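Single-letter residue listing:
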Amino acid sequence: QVQLVESGGGLVQAGGSLRLSCAASGRAFSGYAMGWFRQAPGKEREFVGTIGGSTGTTYYADSVKGRFTISRDNAKNTVYLQMNSLKPEDTAIYYCAVARGRGIVVLANYYDYWGQGTQVTVSS
């Protein structure tokens, strides 16, 4: 069973940057796609971005494209989400997740394991 722990969240002003980390334990995830999702209070969890487990291909939601970057360090069994030009609407709890296979997927129900989340708050 994969265990994921997110870190790096915090409070930042609009226009600022944060880098989130997701460290996995119990199993290597280099062969699996990884995803980042977020959930704001009172809203449903939404897709942020994903990175493939083989080629490292990335895909992002339109709302974050050009501002967020996903990367992974398989030696550390860790995936990152670099968030730049943050906006107040980016405020949410951010979750990382492991997909069922190597290919990138967008829907949350295709991810099998989830972290507990880390809070990101962007002030105006």
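Please refer to the structure higher up on the page.
In this text, all values refer to a predicted model and were calculated from it rather than measured experimentally. (Residues numbered from 1 in each chain as written. Predicted model: local features only at pLDDT ≥ 70, side-chain atom pairs only at ≥ 80, totals over all residues. Heavy atoms only, no water.)

## Here we look at the pattern of salt bridges
Inspection of every chain in the model, using the stated rule, returns five salt bridges. Of the charged contacts, one joins K65 and D62 as a salt bridge, the two residues approaching to 3.3 Å between their closest N and O atoms. The partly exposed category is assigned to K65, whose relative accessible area is 47%. Its salt-bridge partner being R100, residue D112 comes within 3.2 Å of it at the nearest N-O pair. Taken together, the residues span a long stretch of sequence, with D112 in strand β10 (residues 111–114) and R100 in the loop between β9 (92–99) and β10 at a distance of 12 residues. With a relative accessible area of 41%, D112 lands in the partly exposed category. Classification of R100 as exposed rests on a relative accessible area of 51%. If you follow the salt bridges from partner to partner, you end up with R38, E46, R67 and D90 in one network. (Salt bridge = Lys/Arg side-chain N within 4 Å of Asp/Glu carboxyl O. Buried < 20%, exposed > 50% of the residue type's maximum accessible area, 1.4 Å probe, protein only. Helix = DSSP H or I, 4+ residues; strand = E, 2+ residues; numbered from the N terminus.)

## Looking at the packing of aromatic side chains
This structure, assessed with the given rule, holds five aromatic pairs. Their ring planes at 80° and their centres at 5.1 Å tell us that F37 and Y111 sit as a pair that is edge-to-face. Taken as a pair, F37 in strand β4 (residues 34–39) and Y111 in strand β10 lie far apart in primary sequence, 74 residues in all. Of the two residues examined, F37 and Y111, each falls in the buried class. With a centroid separation of 6.1 Å and 25° between ring planes, the pair formed by F47 and Y59 is classed as stacked. Linking F47 in strand β5 (residues 46–51) with Y59 in strand β6 (residues 58–60), this pair joins segments that are 12 residues apart in sequence. On the accessibility criterion, F47 (12% relative accessible area) is buried. Within the aromatic cluster, the residues linked to one another by ring pairs are F37, F47, Y59, Y111 and W114. A cation over a ring is seen here: R45 above Y95, with NZ or CZ 3.8 Å from the ring centre. The lysine or arginine in question, R45, covers the ring of W114, its NZ or CZ lying 4.9 Å from the ring centre. (Phe/Tyr/Trp six-rings, centres within 6.5 Å; stacked < 30°, edge-to-face > 60°. Lys NZ or Arg CZ within 6 Å of the ring centre and 35° of its normal.)

Everything listed here is a matter of geometry and, on its own, says nothing about what the molecule does.
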